[in-house]
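Breakdown of the fold
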Amino acid sequence: MKLLVIGSGGREHALAWKLAQSPRVKKVFVAPGNGGTATEPRVENLALTDIDQLADFCVREDIHLTVVGPEAPLAAGVVDAFRARRLRIWGPTRAAAQLESSKAFAKAFMERNRIPTAQHRTFADAQQAHAYIDAHGAPLVVKADGLAAGKGVVVAQTVEQAHAAVRDMLESNVYGVQHGSDGARVVIEDFLDGEEASFIVLVDGRHVLPLASSQDHKRLRDGDQGPNTGGMGAYSPAPVVTPEVHARVMREIINPTVQAMAAEGHPFSGFLYAGLMIDAHGHARTLEFNCRLGDPETQPILMRLKSDLVEVLDAALDGELDRVELQWDRRTALAVVMAAPGYPEAPRLGDAIQIGVKPDDDLRVFHAGTRLDDGVLRSSGGRVLAVTALGDSVRMAQTRAYDGVRQIAFDGMQFRHDIGHRAIKR
Ligand code: AMP
Ligand code: GLY
(Lines give C-alpha, C1' and ligand atoms only; values in the text may rest on other atoms or scores of the structure.)
(Ligands and ions follow the chains in the order given, each with its own letter.)
Protein backbone atom coordinates (compact mmCIF):
# COMPACT_ATOMS: atom_id res chain seq x y z
CA MET A 1 0.00 0.00 0.00
CA LYS A 2 0.91 3.65 -0.43
CA LEU A 3 0.56 6.29 2.28
CA LEU A 4 0.74 10.07 2.49
CA VAL A 5 2.17 12.20 5.29
CA ILE A 6 1.41 15.94 5.19
CA GLY A 7 4.11 18.23 6.56
CA SER A 8 7.81 18.96 6.35
CA GLY A 9 9.30 18.86 9.85
CA GLY A 10 11.17 16.44 12.07
CA ARG A 11 7.90 14.94 13.26
CA GLU A 12 6.96 14.15 9.66
CA HIS A 13 10.36 12.61 8.91
CA ALA A 14 9.95 10.37 11.96
CA LEU A 15 6.37 9.48 10.96
CA ALA A 16 7.38 8.65 7.39
CA TRP A 17 10.34 6.57 8.56
CA LYS A 18 8.17 4.65 11.03
CA LEU A 19 5.31 4.07 8.57
CA ALA A 20 7.79 2.87 5.94
CA GLN A 21 8.89 0.09 8.34
CA SER A 22 5.52 -1.62 7.98
CA PRO A 23 5.79 -4.74 5.80
CA ARG A 24 2.52 -3.74 4.13
CA VAL A 25 3.88 -0.42 2.89
CA LYS A 26 5.40 0.04 -0.54
CA LYS A 27 5.81 3.82 -0.46
CA VAL A 28 5.24 6.77 1.85
CA PHE A 29 4.80 10.13 0.14
CA VAL A 30 5.58 13.23 2.20
CA ALA A 31 4.10 16.56 1.11
CA PRO A 32 6.16 18.64 0.87
CA GLY A 33 8.81 16.82 2.98
CA ASN A 34 12.42 17.87 3.55
CA GLY A 35 16.00 16.88 2.76
CA GLY A 36 15.75 13.88 5.08
CA THR A 37 12.54 12.44 3.67
CA ALA A 38 14.03 12.98 0.19
CA THR A 39 16.59 10.23 0.84
CA GLU A 40 14.77 7.92 3.29
CA PRO A 41 14.23 4.42 1.83
CA ARG A 42 10.67 3.85 0.51
CA VAL A 43 9.85 7.52 1.13
CA GLU A 44 9.31 10.11 -1.60
CA ASN A 45 8.67 13.84 -1.43
CA LEU A 46 5.69 15.35 -3.16
CA ALA A 47 5.79 19.06 -4.03
CA LEU A 48 2.15 19.77 -3.14
CA THR A 49 0.51 21.70 -0.31
CA ASP A 50 -2.90 22.62 -1.75
CA ILE A 51 -5.60 20.54 -0.06
CA ASP A 52 -7.63 19.84 -3.23
CA GLN A 53 -4.52 18.86 -5.16
CA LEU A 54 -3.47 16.54 -2.33
CA ALA A 55 -6.91 14.92 -2.36
CA ASP A 56 -6.72 14.51 -6.17
CA PHE A 57 -3.32 12.87 -5.72
CA CYS A 58 -4.71 10.42 -3.14
CA VAL A 59 -7.51 9.38 -5.50
CA ARG A 60 -5.15 9.04 -8.47
CA GLU A 61 -2.48 7.09 -6.56
CA ASP A 62 -4.93 5.02 -4.51
CA ILE A 63 -3.38 6.19 -1.22
CA HIS A 64 -4.45 3.88 1.60
CA LEU A 65 -4.38 6.57 4.30
CA THR A 66 -3.09 10.06 4.99
CA VAL A 67 -1.52 11.23 8.25
CA VAL A 68 -1.48 14.96 8.98
CA GLY A 69 1.59 16.18 10.89
CA PRO A 70 1.19 19.90 11.65
CA GLU A 71 -1.72 21.94 12.98
CA ALA A 72 -2.10 24.42 10.10
CA PRO A 73 -3.68 22.03 7.55
CA LEU A 74 -5.94 20.64 10.31
CA ALA A 75 -7.11 24.14 11.21
CA ALA A 76 -7.63 24.77 7.48
CA GLY A 77 -9.99 21.76 7.27
CA VAL A 78 -7.91 19.15 5.44
CA VAL A 79 -9.69 16.34 7.29
CA ASP A 80 -13.15 17.70 6.45
CA ALA A 81 -12.16 18.04 2.79
CA PHE A 82 -10.69 14.53 2.57
CA ARG A 83 -13.62 12.93 4.39
CA ALA A 84 -16.05 14.65 2.03
CA ARG A 85 -14.27 12.78 -0.76
CA ARG A 86 -14.29 9.50 1.21
CA LEU A 87 -10.52 9.49 1.65
CA ARG A 88 -9.03 7.90 4.78
CA ILE A 89 -7.23 10.57 6.78
CA TRP A 90 -5.96 10.58 10.37
CA GLY A 91 -6.49 13.82 12.27
CA PRO A 92 -9.27 15.96 13.76
CA THR A 93 -11.82 17.97 11.80
CA ARG A 94 -11.49 21.72 11.69
CA ALA A 95 -14.08 22.07 14.46
CA ALA A 96 -12.25 19.61 16.73
CA ALA A 97 -8.87 21.18 15.92
CA GLN A 98 -10.07 24.37 17.65
CA LEU A 99 -8.76 22.78 20.84
CA GLU A 100 -5.40 23.94 19.51
CA SER A 101 -6.17 26.62 16.92
CA SER A 102 -8.06 28.81 19.40
CA LYS A 103 -6.71 29.19 22.91
CA ALA A 104 -9.93 31.04 23.79
CA PHE A 105 -11.99 28.03 22.64
CA ALA A 106 -9.74 25.65 24.57
CA LYS A 107 -9.89 27.68 27.77
CA ALA A 108 -13.68 28.08 27.62
CA PHE A 109 -14.01 24.35 26.88
CA MET A 110 -11.85 23.40 29.87
CA GLU A 111 -13.73 25.78 32.13
CA ARG A 112 -17.20 24.54 31.25
CA ASN A 113 -16.07 20.91 31.52
CA ARG A 114 -14.07 21.45 34.73
CA ILE A 115 -10.82 20.21 33.21
CA PRO A 116 -7.91 21.38 35.40
CA THR A 117 -6.06 24.36 33.90
CA ALA A 118 -4.77 27.78 34.98
CA GLN A 119 -7.30 30.51 35.81
CA HIS A 120 -7.53 32.87 32.87
CA ARG A 121 -9.25 35.84 31.21
CA THR A 122 -9.56 36.56 27.48
CA PHE A 123 -9.27 40.12 26.11
CA ALA A 124 -9.81 41.74 22.73
CA ASP A 125 -9.49 45.21 24.21
CA ALA A 126 -5.94 46.26 25.06
CA GLN A 127 -6.98 48.75 27.74
CA GLN A 128 -8.94 46.13 29.65
CA ALA A 129 -5.99 43.76 29.38
CA HIS A 130 -3.62 46.39 30.81
CA ALA A 131 -6.04 47.14 33.65
CA TYR A 132 -6.31 43.44 34.49
CA ILE A 133 -2.52 43.13 34.64
CA ASP A 134 -2.28 46.08 37.02
CA ALA A 135 -5.01 44.68 39.25
CA HIS A 136 -3.63 41.12 39.26
CA GLY A 137 0.13 41.65 39.49
CA ALA A 138 2.94 39.36 38.27
CA PRO A 139 3.90 36.62 37.52
CA LEU A 140 1.41 36.16 34.68
CA VAL A 141 1.37 34.39 31.35
CA VAL A 142 0.21 36.26 28.25
CA LYS A 143 -0.78 34.20 25.20
CA ALA A 144 -1.81 35.27 21.73
CA ASP A 145 -5.07 33.61 20.64
CA GLY A 146 -4.36 31.86 17.35
CA LEU A 147 -1.62 29.74 15.84
CA ALA A 148 1.86 31.09 16.54
CA ALA A 149 4.05 27.97 16.17
CA GLY A 150 4.59 27.83 19.93
CA LYS A 151 6.03 31.34 20.06
CA GLY A 152 3.07 33.53 21.01
CA VAL A 153 3.48 32.94 24.75
CA VAL A 154 5.19 35.28 27.20
CA VAL A 155 5.82 34.16 30.75
CA ALA A 156 5.96 37.59 32.40
CA GLN A 157 7.84 37.77 35.67
CA THR A 158 7.04 41.46 36.01
CA VAL A 159 4.02 43.66 35.34
CA GLU A 160 6.09 45.63 32.79
CA GLN A 161 6.80 42.46 30.79
CA ALA A 162 3.10 41.59 30.80
CA HIS A 163 2.14 45.06 29.52
CA ALA A 164 4.77 44.82 26.79
CA ALA A 165 3.41 41.41 25.74
CA VAL A 166 -0.11 42.81 25.41
CA ARG A 167 1.22 45.67 23.30
CA ASP A 168 3.17 43.22 21.10
CA MET A 169 0.20 40.91 20.62
CA LEU A 170 -2.85 43.18 20.52
CA GLU A 171 -1.42 46.42 19.23
CA SER A 172 1.32 45.40 16.78
CA ASN A 173 1.18 41.58 16.28
CA VAL A 174 4.98 41.20 16.32
CA TYR A 175 4.61 37.40 16.47
CA GLY A 176 2.71 37.26 13.18
CA VAL A 177 -0.14 35.30 14.75
CA GLN A 178 -2.83 33.93 12.46
CA HIS A 179 -5.95 35.41 14.07
CA GLY A 180 -9.39 33.84 14.02
CA SER A 181 -12.31 35.57 12.29
CA ASP A 182 -13.07 37.82 15.27
CA GLY A 183 -9.65 39.50 15.31
CA ALA A 184 -6.76 39.69 17.75
CA ARG A 185 -7.29 38.44 21.29
CA VAL A 186 -5.01 37.59 24.19
CA VAL A 187 -5.45 35.10 26.97
CA ILE A 188 -3.92 36.15 30.28
CA GLU A 189 -3.52 33.35 32.78
CA ASP A 190 -2.09 32.57 36.20
CA PHE A 191 1.47 31.33 36.32
CA LEU A 192 1.67 27.64 37.26
CA ASP A 193 4.70 26.18 38.97
CA GLY A 194 5.93 22.62 38.44
CA GLU A 195 7.44 20.33 35.83
CA GLU A 196 6.09 20.05 32.31
CA ALA A 197 5.33 16.87 30.41
CA SER A 198 3.77 16.01 27.07
CA PHE A 199 0.89 13.55 27.30
CA ILE A 200 -0.12 12.37 23.84
CA VAL A 201 -2.90 9.92 23.04
CA LEU A 202 -4.69 8.57 19.99
CA VAL A 203 -8.44 9.14 19.97
CA ASP A 204 -10.83 7.50 17.49
CA GLY A 205 -13.82 9.65 18.46
CA ARG A 206 -14.64 7.43 21.45
CA HIS A 207 -11.69 5.29 22.55
CA VAL A 208 -8.36 6.53 23.85
CA LEU A 209 -4.98 4.88 23.45
CA PRO A 210 -2.11 6.65 25.25
CA LEU A 211 1.34 6.87 23.70
CA ALA A 212 4.44 6.77 25.89
CA SER A 213 5.02 9.92 27.94
CA SER A 214 7.65 12.47 26.95
CA GLN A 215 9.16 15.80 27.92
CA ASP A 216 10.08 18.70 25.67
CA HIS A 217 12.61 21.50 26.31
CA LYS A 218 10.92 24.71 25.21
CA ARG A 219 13.60 27.27 26.02
CA LEU A 220 16.46 27.99 23.66
CA ARG A 221 19.36 27.79 26.08
CA ASP A 222 20.80 25.43 28.68
CA GLY A 223 19.21 25.49 32.13
CA ASP A 224 15.81 26.38 30.58
CA GLN A 225 16.89 29.95 29.86
CA GLY A 226 16.27 32.19 26.87
CA PRO A 227 13.22 32.59 24.64
CA ASN A 228 10.52 29.97 24.06
CA THR A 229 11.00 27.89 20.92
CA GLY A 230 9.10 25.14 19.14
CA GLY A 231 11.17 22.70 21.24
CA MET A 232 14.93 22.13 21.50
CA GLY A 233 14.95 18.47 22.52
CA ALA A 234 12.83 15.74 24.06
CA TYR A 235 12.98 12.34 25.64
CA SER A 236 10.63 9.47 26.38
CA PRO A 237 9.53 8.20 28.84
CA ALA A 238 9.27 11.17 31.24
CA PRO A 239 9.80 9.95 34.81
CA VAL A 240 7.62 12.81 36.13
CA VAL A 241 4.65 10.92 34.64
CA THR A 242 4.49 8.20 37.28
CA PRO A 243 1.76 5.53 37.06
CA GLU A 244 -0.27 7.60 39.56
CA VAL A 245 0.11 10.79 37.52
CA HIS A 246 -0.78 8.85 34.36
CA ALA A 247 -3.98 7.50 35.91
CA ARG A 248 -4.95 10.92 37.22
CA VAL A 249 -4.36 12.60 33.86
CA MET A 250 -6.50 10.01 32.07
CA ARG A 251 -9.28 10.41 34.65
CA GLU A 252 -9.23 14.18 35.11
CA ILE A 253 -8.08 15.49 31.73
CA ILE A 254 -8.06 13.10 28.78
CA ASN A 255 -11.27 11.10 29.27
CA PRO A 256 -13.43 14.12 30.15
CA THR A 257 -12.03 15.99 27.14
CA VAL A 258 -12.81 13.18 24.71
CA GLN A 259 -16.31 12.72 26.16
CA ALA A 260 -17.09 16.43 26.15
CA MET A 261 -15.83 16.96 22.60
CA ALA A 262 -18.23 14.22 21.45
CA ALA A 263 -21.09 15.53 23.60
CA GLU A 264 -20.59 19.06 22.26
CA GLY A 265 -20.92 17.85 18.68
CA HIS A 266 -17.33 17.71 17.48
CA PRO A 267 -15.96 14.29 18.35
CA PHE A 268 -12.18 14.29 18.35
CA SER A 269 -10.22 11.81 16.29
CA GLY A 270 -6.50 12.03 15.78
CA PHE A 271 -3.53 12.60 18.03
CA LEU A 272 -4.49 14.63 21.10
CA TYR A 273 -1.62 16.23 22.97
CA ALA A 274 -2.09 17.66 26.44
CA GLY A 275 0.79 19.89 27.53
CA LEU A 276 0.80 19.40 31.30
CA MET A 277 2.22 21.22 34.30
CA ILE A 278 2.66 18.72 37.13
CA ASP A 279 3.10 20.14 40.63
CA ALA A 280 5.00 18.71 43.58
CA HIS A 281 1.90 16.75 44.72
CA GLY A 282 1.47 15.04 41.36
CA HIS A 283 -1.53 17.20 40.39
CA ALA A 284 -1.54 17.89 36.67
CA ARG A 285 -3.04 20.92 34.97
CA THR A 286 -3.43 21.48 31.24
CA LEU A 287 -1.26 24.25 29.83
CA GLU A 288 -2.49 23.67 26.32
CA PHE A 289 -4.02 21.15 23.98
CA ASN A 290 -2.51 20.36 20.61
CA CYS A 291 -4.43 18.40 18.01
CA ARG A 292 -1.36 16.62 16.62
CA LEU A 293 1.85 14.92 17.67
CA GLY A 294 4.54 17.03 19.31
CA ASP A 295 7.71 18.05 17.54
CA PRO A 296 10.35 17.00 18.72
CA GLU A 297 8.51 14.58 21.09
CA THR A 298 7.48 12.38 18.14
CA GLN A 299 11.10 11.56 17.33
CA PRO A 300 11.89 9.78 20.64
CA ILE A 301 8.36 8.37 20.97
CA LEU A 302 8.45 6.70 17.55
CA MET A 303 12.02 5.44 18.11
CA ARG A 304 10.55 3.48 21.05
CA LEU A 305 7.34 2.29 19.38
CA LYS A 306 7.67 -1.36 18.36
CA SER A 307 4.11 -1.83 17.06
CA ASP A 308 3.29 -1.43 13.38
CA LEU A 309 1.99 2.15 13.16
CA VAL A 310 -0.01 1.41 10.01
CA GLU A 311 -1.98 -1.28 11.82
CA VAL A 312 -2.56 1.06 14.75
CA LEU A 313 -3.85 3.87 12.53
CA ASP A 314 -6.02 1.48 10.53
CA ALA A 315 -7.68 0.31 13.73
CA ALA A 316 -8.05 3.91 14.85
CA LEU A 317 -9.70 4.95 11.58
CA ASP A 318 -12.12 2.03 11.98
CA GLY A 319 -13.04 3.21 15.51
CA GLU A 320 -11.40 0.13 17.07
CA LEU A 321 -8.65 1.60 19.20
CA ASP A 322 -9.99 -0.37 22.17
CA ARG A 323 -8.57 -3.50 20.50
CA VAL A 324 -5.03 -2.17 20.20
CA GLU A 325 -2.21 -2.63 22.66
CA LEU A 326 1.03 -0.82 21.91
CA GLN A 327 4.45 -2.43 22.31
CA TRP A 328 7.30 -0.22 23.49
CA ASP A 329 11.05 -0.49 23.67
CA ARG A 330 11.69 -0.24 27.40
CA ARG A 331 14.76 1.92 26.89
CA THR A 332 14.83 5.72 26.89
CA ALA A 333 14.98 7.66 23.64
CA LEU A 334 16.37 11.18 23.60
CA ALA A 335 16.43 13.76 20.80
CA VAL A 336 18.70 16.79 20.58
CA VAL A 337 17.51 19.49 18.19
CA MET A 338 20.13 21.41 16.19
CA ALA A 339 18.86 24.84 15.17
CA ALA A 340 19.96 27.54 12.75
CA PRO A 341 21.82 30.65 13.96
CA GLY A 342 19.31 33.37 14.89
CA TYR A 343 16.56 30.87 15.76
CA PRO A 344 13.85 31.51 17.00
CA GLU A 345 13.59 35.21 16.10
CA ALA A 346 15.34 35.35 12.72
CA PRO A 347 16.96 32.07 11.65
CA ARG A 348 19.61 32.31 8.94
CA LEU A 349 18.95 29.72 6.25
CA GLY A 350 20.89 28.22 3.38
CA ASP A 351 23.99 26.95 5.23
CA ALA A 352 25.54 23.69 4.02
CA ILE A 353 25.23 20.81 6.50
CA GLN A 354 27.76 18.01 6.98
CA ILE A 355 26.43 14.81 8.53
CA GLY A 356 29.02 12.22 9.50
CA VAL A 357 26.61 9.99 11.45
CA LYS A 358 25.74 6.52 10.21
CA PRO A 359 22.18 5.76 11.33
CA ASP A 360 21.52 2.40 12.99
CA ASP A 361 18.71 0.85 15.04
CA ASP A 362 19.65 2.93 18.09
CA LEU A 363 20.54 6.26 16.48
CA ARG A 364 18.78 8.28 13.83
CA VAL A 365 18.99 11.81 12.47
CA PHE A 366 15.53 13.17 11.74
CA HIS A 367 15.58 16.19 9.47
CA ALA A 368 13.35 19.24 9.94
CA GLY A 369 14.45 22.43 8.18
CA THR A 370 16.66 20.89 5.50
CA ARG A 371 16.51 20.66 1.74
CA LEU A 372 18.60 18.99 -0.91
CA ASP A 373 19.96 21.59 -3.26
CA ASP A 374 21.84 20.08 -6.25
CA GLY A 375 22.98 17.23 -4.02
CA VAL A 376 24.05 19.58 -1.20
CA LEU A 377 22.11 19.43 2.06
CA ARG A 378 21.26 22.96 3.25
CA SER A 379 19.33 24.45 6.15
CA SER A 380 15.86 25.70 5.21
CA GLY A 381 14.17 26.25 8.57
CA GLY A 382 14.81 27.32 12.15
CA ARG A 383 15.00 23.84 13.62
CA VAL A 384 17.30 21.97 11.25
CA LEU A 385 17.43 18.41 12.54
CA ALA A 386 17.15 16.21 15.63
CA VAL A 387 19.67 13.53 16.57
CA THR A 388 17.71 10.80 18.34
CA ALA A 389 19.22 7.89 20.26
CA LEU A 390 18.10 4.96 22.41
CA GLY A 391 19.91 3.99 25.60
CA ASP A 392 19.40 1.82 28.68
CA SER A 393 19.16 4.94 30.84
CA VAL A 394 18.49 8.63 30.20
CA ARG A 395 22.18 9.27 30.62
CA MET A 396 23.16 6.59 28.11
CA ALA A 397 20.63 7.84 25.56
CA GLN A 398 21.96 11.35 26.14
CA THR A 399 25.61 10.29 25.68
CA ARG A 400 24.72 8.46 22.50
CA ALA A 401 22.71 11.39 21.06
CA TYR A 402 25.49 13.90 21.79
CA ASP A 403 28.03 11.55 20.16
CA GLY A 404 25.87 11.93 17.06
CA VAL A 405 25.60 15.71 17.46
CA ARG A 406 29.39 15.98 17.42
CA GLN A 407 29.48 14.42 13.97
CA ILE A 408 27.20 17.08 12.47
CA ALA A 409 28.33 20.54 11.45
CA PHE A 410 26.86 23.69 9.94
CA ASP A 411 27.75 27.35 10.43
CA GLY A 412 26.34 28.94 13.56
CA MET A 413 24.48 25.81 14.72
CA GLN A 414 22.75 26.10 18.09
CA PHE A 415 21.81 23.24 20.38
CA ARG A 416 21.33 22.65 24.06
CA HIS A 417 23.89 20.62 25.97
CA ASP A 418 21.55 19.50 28.74
CA ILE A 419 18.62 17.69 27.10
CA GLY A 420 17.24 15.24 29.66
CA HIS A 421 18.60 17.14 32.67
CA ARG A 422 15.39 16.87 34.71
CA ALA A 423 15.32 13.10 34.39
CA ILE A 424 19.00 12.77 35.25
CA LYS A 425 18.85 14.81 38.46
CA ARG A 426 16.29 12.47 39.95
P1 AMP B 1 1.87 26.99 25.56
O2 AMP B 1 2.13 27.24 24.11
O3 AMP B 1 0.55 27.47 26.03
O4 AMP B 1 2.13 25.57 25.96
O5 AMP B 1 2.99 27.79 26.35
C6 AMP B 1 4.35 27.66 26.02
C7 AMP B 1 5.18 27.51 27.27
O8 AMP B 1 4.96 28.60 28.16
C9 AMP B 1 4.79 26.30 28.07
O10 AMP B 1 5.43 25.16 27.60
C11 AMP B 1 5.25 26.69 29.46
O12 AMP B 1 6.65 26.51 29.58
C13 AMP B 1 4.97 28.15 29.50
N14 AMP B 1 3.63 28.37 30.11
C15 AMP B 1 2.46 28.48 29.45
N16 AMP B 1 1.44 28.68 30.29
C17 AMP B 1 1.97 28.71 31.52
C18 AMP B 1 1.41 28.90 32.84
N19 AMP B 1 0.11 29.13 33.04
N20 AMP B 1 2.27 28.86 33.88
C21 AMP B 1 3.59 28.65 33.70
N22 AMP B 1 4.16 28.47 32.49
C23 AMP B 1 3.37 28.51 31.41
N1 GLY C 1 7.11 20.42 21.15
C2 GLY C 1 5.94 21.16 21.40
C3 GLY C 1 4.91 21.04 20.40
O4 GLY C 1 4.99 20.24 19.49
O5 GLY C 1 3.93 21.76 20.50
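A quick note: this is a predicted structure, and the numbers were derived from the prediction, not measured.

1. With respect to the sheet that holds strand β11 (residues 208–210)
Think of a sheet as strands paired side by side through backbone hydrogen bonds, with each pair either parallel or antiparallel. A sheet is described by the order of its strands in space; here 4 strands give the open sequence β11-β10-β16-β17, paired in antiparallel fashion. The outermost strands of the open sheet, each flanked by one partner alone, are β11 and β17 (284–290). Strand-to-strand twist across the sheet, computed as the mean angle between neighbouring axes with direction ignored, equals 35°. Bridge count for strand β10 (residues 195–204) against strand β16 (residues 269–278) is 10 bridges, and the pairing is antiparallel. Of the residues in β16, the one forming a bridge with I200 is Y273.

2. Thoughts on the site of ligand 2
As a structural note, the neighbourhood of ligand 2 is formed by D216, K218, G230, Y273, N290, R292, G294, D295, P296 and E297. Here a nitrogen atom of ligand 2 and a backbone polar atom of G230 are 3.2 Å apart. A distance of 3.4 Å separates an oxygen atom of ligand 2 from a polar side-chain atom of N290. Starting from 200 Å² of accessible surface for ligand 2 in isolation, the protein chains cover 91%.

3. Details of empty space enclosed by the protein
Tallied over the full model, the rule gives 2 cavities of 30 Å³ or more. By volume, the largest cavity amounts to about 40 Å³. Surrounding the largest cavity, G10, D295, P296, Q299, V337, F366, A368, R383, V384, L385 and A386 form its lining. A per-element tally of the lining of the largest cavity places strand β23 (residues 383–391) first, with 4 residues. Here the residues of the lining of the largest cavity sort into 7 nonpolar, 2 polar and 2 charged. Taken as a whole, the second largest cavity spans an internal volume of roughly 30 Å³. If you go around the second largest cavity, the residues you meet are L192, D193, M277, D279, H283 and R285.

4. A word on the packing of aromatic side chains
Per the counting criterion, the structure on display carries 6 aromatic pairs. Residues F29 and F57 carry aromatic rings whose centres are separated by 5.0 Å and whose planes lie at 80° to one another, so their mutual orientation is edge-to-face. Of the two residues, F29 is situated in strand β2 (residues 27–32) and F57 in helix α2 (residues 51–61); the sequence distance between them amounts to 28 residues. A cation sits over an aromatic face here: R292 above Y273, 5.9 Å from the ring centre.

5. Quick look at the pairing of β10
β10 sits mainly inside the fold: 9 of its 10 residues count as buried. Where β10 lies against β11, 3 bridges are found, and the strand directions are antiparallel. Within β11, the position partnered with L202 by the bridge is L209. Where β10 hands over to β11, the hairpin turn is made up of 3 residues, of which G205 adopts a positive phi near 105°.

6. Points about helix α6 (residues 103–112)
The element α6 is largely enclosed, with a buried count of 7 among its 10 residues. For α6, every residue scored as buried is listed here: K103, A104, F105, A106, K107, F109 and M110. Between a side-chain oxygen at the N-terminus of α6 and the backbone nitrogen of F105 the separation is 2.9 Å; the capping residue is S102. One or two positions beyond α6, positive phi appears at R114, with a value near 55°.

Criteria and thresholds
Residues numbered from 1 in each chain as written. Chains lettered and ligands numbered in written order. Predicted model: local features only at pLDDT ≥ 70, side-chain atom pairs only at ≥ 80, totals over all residues. Heavy atoms only, no water. Pairing = 2+ DSSP bridges. Helix = DSSP H or I, 4+ residues; strand = E, 2+ residues; numbered from the N terminus. Axes fitted to C-alpha atoms, helices over the stretch in contact; angles between N-to-C directions. Near = heavy atom within 4 Å. Polar contact = N/O pair within 3.5 Å; in protein donor to acceptor, adjacent residues only side chain to side chain. Areas by Shrake-Rupley, 256 points an atom, 1.4 Å probe, with all protein chains shown as cover. 1 Å grid on protein atoms, 1.4 Å probe; cavity = no way out; pocket = protein on both sides within 12 Å on 5 of 7 lines; lining within 4 Å. Points joined across faces, edges and corners; volume = space filled by probe spheres on them. Nonpolar A, V, L, I, M, F, W, Y, C, P; charged D, E, K, R; others polar. Phe/Tyr/Trp six-rings, centres within 6.5 Å; stacked < 30°, edge-to-face > 60°. Lys NZ or Arg CZ within 6 Å of the ring centre and 35° of its normal. Buried < 20%, exposed > 50% of the residue type's maximum accessible area, 1.4 Å probe, protein only.

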